[in-house]
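Architecture at a glance
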Amino acid sequence: LLGNASTPSQIQLRTSFSLERLPGSATTEIAQIYPTQDELPENLLKFYIHFTAPMRRGQIYRFIHLVDASGDEVNGPFLELEPELWDSEGKRLTLFFDPGRIKRGLRPNLDLGTPLKAGHRYSLLFDRDMKDMSGEPLRLAYKKTFRVTPADRRSPNTEGWNVAPPSALTRQAVVLHLGEALDHALLKRMIQVVDSEDRPVIGQSSVIEESAAWSFIPARPWGAGNYRLSIDPLLEDLAGNMMHRLFDDDSMGSSLDGKGEDVTVPFVVQ
C-alpha cells in the first residue's frame, strides 16, 4: 500500500516456498509388535504391528515376510485382506495368519499344514521400503524372531485368574492376573469395572506383563464395597480361542445364545 504525503509508504511482500526432505531423514519406525513373547503357539492367529506414524495403505503384504531358521520364506502364511486391517489413525496393522491353514480339517490345513511348526524358530521381517503416509520408507528394517510351542486348544479359564484389589480412598490400580497372555487389543477394551449398583466405574485401563495381566486406575478414589469385572466372552487368547468356544471347533458355539453372557470376576475394596 502506498501512502500519501501524510502517511508513510508501506509495502507488503508475500512469497511461498517448499522444503524437500533430505535423503536419509526417514523417521517412522515399528514401535511394537504384539504378542511380545519370544515363544508363541503353533496356532497363533494374528500379530498387531504398531508404527510411530500413519502408514500408506494398499502395500503391506509385499514388504512383510515370514522366514524359517534357514532363511527360507514360508509360502502364503497370511490372510491377504483388501482393504488391509488398519486402525483409524493408520498406525496399527492387524496381520492375520490364514485361518484356513490353522483350522483342523479344512482343505488348506490338510494340503499345506499350519504356517508355523512347533519346535521351530521363525522371523517376521519388515522391509525398510514399506512407506509411511508421507511416502518415506521406514527408518530401519525390522525383525521379530520367535520359537513356536505346541498349539493352544484350550479356552481362557477364569479359575486360574487372580484379582489384586486396591485399597479404599486411594486411586490404586485393581490388577487382574490372567495366568497366560491374551489378545492385546481385545484385552484392553473388553473388560469393564462395575460397582455394586451396576454402574460402570470411570477410569483408565492398561495391558501389562506381556498381555498376561490387566490393570485399571479409577478417575476418582475407590469407595469401600463390592465391585466386579465384567468381561466380554468374545475375549480371545493368542490362538483365537474365546471364553466359550475354541477357534477351530465351531460345534462348541452351536448351543450358545448369541455370544453368551459376560464373565464376572468379583472383588472387594476395603
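Note: the structure precedes this text.
Anyway, here's the lowdown on the structure attached to this text. Note that the structure is a prediction, hence the values are computed from the model and not measured. Numbering of residues begins from 1 in every chain and follows the order in which that chain's sequence is written. Predicted model: local features are reported for residues with pLDDT of at least 70 only, side-chain atom pairs are reported and counted for 80 or more only, and whole-chain, interface and lining totals are derived from all residues. With hydrogens and water set aside, each side-chain value is computed from the structure's full complement of heavy atoms.

1. Describing the overall build of the chain
We count a stretch as a helix when DSSP gives it H or I for four or more residues in a row; a strand needs E for two or more, and each element gets its number in order from the N terminus. When helices and strands are counted, the chain shows three helices and 15 strands. A buried classification covers 43% of the 270 residues belonging to the chain. Within the chain, contacts between residues separated by at least 24 positions form 67% of all contacts whose residues are at least 6 apart in sequence. When the accessible surface of the chain is split by element, carbon and sulfur atoms take 49% of a total near 15,500 Å². When accessible area is computed with a 1.4 Å probe and restricted to protein chains, residues below 20% of their type maximum are described as buried, those above 50% as exposed, and intermediate ones as partly exposed. Should any heavy atoms of two residues lie within 4.5 Å, those residues are counted as being in contact. To measure how exposed things are, a 1.4 Å probe is used in the Shrake-Rupley method; for residues, cover is taken only from the protein chains shown.

2. Quick word on the nonpolar core
Counting 32 residues, the largest nonpolar core has F47, I49, F51, I64 and M130 as the members making the most contacts within it. For this core, the elements supplying multiple residues, two or more each, are β1 (30-34), β3 (46-51), β4 (64-68), β6 (92-96), β7 (121-126) and β8 (142-149). Not counting residues within four places of it along the chain, the set of residues in contact with I49 comprises I30, Q32, I33, K91, R92, L93, L95 and F126. Counting residues in hydrophobic clusters, the runner-up holds 28 residues, among them Y48, W161, M243 and V269. The criterion is simple. A nonpolar core is a set of buried Ala, Val, Leu, Ile, Met, Phe, Trp, Tyr and Cys residues joined through side-chain atoms within 4.5 Å.

3. What about the environment of E209?
Positionally, E209 belongs in the loop between β12 (203-208) and β13 (213-218). Sequence-wise, E209 and A181 are 28 residues apart; in three dimensions their C-alpha atoms are separated by 8.4 Å. Counting of polar contacts relies on pairs of N or O atoms within 3.5 Å, with two restrictions inside protein: one atom must be capable of donating a hydrogen and the other of accepting it, and residues adjacent in sequence are counted only when both atoms are side-chain atoms. A polar side-chain atom of E209 sits 3.4 Å from a polar atom in the side chain of H177.

4. Comments concerning the pairing of strand β15 (residues 263-269)
Residues of β15 alternate between two faces, with V263, V265, F267 and V269 buried on one and T264, P266 and V268 left unburied on the opposite face. Strand pairing follows a simple DSSP-based rule, namely that at least 2 bridges must link the two strands. Relative to β15, strand β14 (residues 225-231) runs antiparallel, the two being bridged by seven bridges. Bridge pairing links L229 to V265 in β15.

5. Some points on the side chain of K103
Mapped onto the elements, K103 comes out in the loop between α1 (99-102) and α2 (107-112). What makes K103 buried here is its relative accessible area of 18%. Within the structure, K103 has its side chain in polar contact with the backbone oxygen of F247 (distance 3.4 Å).

6. A short note on the packing of aromatic side chains
Two rings from Phe, Tyr or Trp (for Trp, the six-membered ring) form a pair when their centres are within 6.5 Å of each other. A pair whose planes differ by under 30 degrees is stacked, one over 60 is edge-to-face, and the rest are tilted. In this structure the tally under the stated criterion is eleven aromatic pairs. Considering the side-chain rings of F51 and W86, the 5.7 Å spacing of their centres and the 45° angle between planes classify their relative orientation as tilted. Here F51 is found in strand β3, whereas its partner W86 is found in strand β5 (residues 85-86), with 35 residues between them in sequence. An identical accessibility class is assigned to F51 and W86; each is buried. The interplanar angle of 15° and the centroid separation of 5.6 Å between the aromatic rings of Y227 and F267 together place this pair among those described as stacked. Of this pair, Y227 sits in strand β14 while F267 is found in strand β15, placing the two residues 40 residues apart along the sequence. Given a relative accessible area of 12%, Y227 falls into the buried group. Three or more aromatic residues joined by ring pairs form one cluster here, namely F47, F78, F97, Y122 and F146. Both a distance and an angle decide whether a charge sits over a ring: NZ of Lys or CZ of Arg must be within 6 Å of the ring centre and within 35 degrees of the ring normal. The side chain of K103 reaches across the aromatic face of F247, ending 5.2 Å from its centre.

7. Overview of the side chain of T28
Along the chain, the position of T28 falls in the segment before β1. Side chain to side chain, T28 and D132 meet in a polar contact 2.8 Å long. Excluding its chain neighbours within four sequence positions, the residues that come into contact with T28 are T52, A53, M55, D132, L138 and R139.

8. Regarding unusual backbone geometry
Residues Y34 and P35 are joined by a peptide bond in cis, for which omega reads 0°. Within the secondary structure layout, P35 lies in the loop between β1 and β2 (39-41). Residue P83 follows E82 across a cis peptide bond; omega there is 0°. Counting through the fold element by element, P83 comes out in the loop between β4 and β5. Notably, S211 is not glycine yet its phi reads approximately 70°, a positive angle. With respect to the element layout, S211 can be found in the loop between β12 and β13. Its relative accessible area of 6% is what places S211 among the buried residues.

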